[in-house]
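Chains, contacts and geometry: an overview
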Amino acid sequence: SLCAVVAFVFAGSAVAGEPSLVFNPQVTLPSVKVFDDERQLDAGVSYRRGGRADWGYFFRATSFLNEKVGLGVDFSALGERDPEYSAGLNIFLRAPLEDLRLAPYLLMGAGYTFGGINDLYYQAGAGLDFRLTPNWGLFVEGTSQWVHEEDAALVGRVGLKFVF
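What counts, and where the lines are drawn
Residues numbered from 1 in each chain as written. Predicted model: local features only at pLDDT ≥ 70, side-chain atom pairs only at ≥ 80, totals over all residues. Heavy atoms only, no water. Helix = DSSP H or I, 4+ residues; strand = E, 2+ residues; numbered from the N terminus. Buried < 20%, exposed > 50% of the residue type's maximum accessible area, 1.4 Å probe, protein only. Contact = heavy atoms within 4.5 Å. Patch = residues over 30% accessible without salt bridge, like charges linked within 9 Å, V, L, I, M, F, W, Y side chains within 5 Å. Areas by Shrake-Rupley, 256 points an atom, 1.4 Å probe, with all protein chains shown as cover. Salt bridge = Lys/Arg side-chain N within 4 Å of Asp/Glu carboxyl O. Core = buried A, V, L, I, M, F, W, Y, C linked by side-chain atoms within 4.5 Å. Pairing = 2+ DSSP bridges.

1. As for the overall build of the chain
Looking only at helices and strands, the chain has one helix and eight strands in total. Listing the helices and strands of the chain from first to last along the sequence gives α-β-β-β-β-β-β-β-β. Counting every position in the chain, which comprises 164 residues, the buried fraction comes to 34%. Partitioning the intrachain contacts of the chain with sequence separation of at least 6 by distance along the chain shows that 48% fall at a separation of at least 24.

2. A closer look at the side chain of S144
Summarising the element assignment, S144 is placed in strand β7 (residues 136–147). Every residue in contact with S144, bar those within four places of it in the chain, is listed here: Y122, Q123, A124, A153 and L154.

3. Examining a nonpolar patch on the surface
Taken together, L41, F130, L132, W136, L138, L160, F162 and F164 make up a surface patch of nonpolar side chains, about 710 Å² in accessible area. Taken together, the elements giving at least two residues each to the nonpolar patch come down to β7 and β8 (153–163). The topology assignment puts L132 in the loop between β6 (119–131) and β7.

4. Observations regarding the nonpolar core
Among the nonpolar cores identified, the biggest contains six residues, and these are F58, F64, F92, Y105, L107 and F139. Counting residues per element, the ones that place at least two in this core are β2 (54–64) and β5 (102–114). Apart from the residues within four sequence positions on either side, L107 is in contact with N90, I91, F92, Q123, A124, G125, E141 and T143.

5. Some points on the pairing of strand β3 (residues 69–78)
Regular strands place their side chains on alternate faces of the sheet. Strand direction decides the pairing type here: β2 and β3, joined by nine bridges, are antiparallel. Its bridge partner lying in β3, T62 is registered against G72. Connecting β2 to the next strand, β3, in antiparallel fashion are four residues. As defined by bridge partners, β3 adjoins strand β4 (residues 84–94) across 10 bridges and the pair is classed as antiparallel. Looking at β4, one finds that V69 is bridged to L93. What sits between β3 and β4 in their antiparallel hairpin is a turn of five residues, with G79 showing a positive phi close to 110°.

6. Considering the pattern of salt bridges
For the structure on display, the rule yields 10 salt bridges. Between D54 and R48 there is a salt bridge whose closest N-O contact spans 3.3 Å. Each member of the pair, D54 as well as R48, carries the same accessibility label: buried. A salt bridge links E141 to R157, with the shortest nitrogen-to-oxygen separation between them at 3.4 Å. With E141 in strand β7 and R157 in strand β8, the pair connects residues that are 16 residues apart, well separated along the chain. On the basis of relative accessible area, R157 is assigned to the buried category, the value being 4%. A network of salt bridges, in which partner residues are shared, links D42, R60, D74, E141, R157 and K161.

Here is the structure:
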C-alpha cells in the first residue's frame, strides 16, 4: 500500500514529533582492532637444527608501518657452553584475521652472526601471531637460515609478545 511505502521511505525520521512507523533493529557493536600499526617486543626460546643443534633465547623489537608491513631488529644467542650470537634486520608481511585474533606472517632478513662463525646470514620463514588481548600475545615461527657456505639451518621459535 502507499502508506507502507511512505512509512518505509521516512523510517527513522520523525515528522511533526510523531514516532517512526518502521522498527529498525540494527545493532552496531564497537569493533576492537587487534592488529594495526604498532610496536612489539618479543621474547622467547629458539631451537636450531642443522650445523650445531642448540637451544637458545632471543629478543626482537618490531614496528609495523601499517597492519600488514613491519620492520624488526632481533638479537639471539644459541648454545650453552660456547654461545653463538646474532643480530639481524627483518621485514614482516602479515595477513591479520581480526575475528580469530590470528595473524599469519612471512619474514625475511639478514644479519651478522658472531662468537662461533663470524659471518653474514640470511633468513626466510613464516609464523603465527595469536593475540590473547590487544596488548599481549603468543607466537610461533620457523625460519631457514643460511650462513655463508653452510647448509641451511632450521630454527624454531616460540615466545611471548608485548604490543604497545
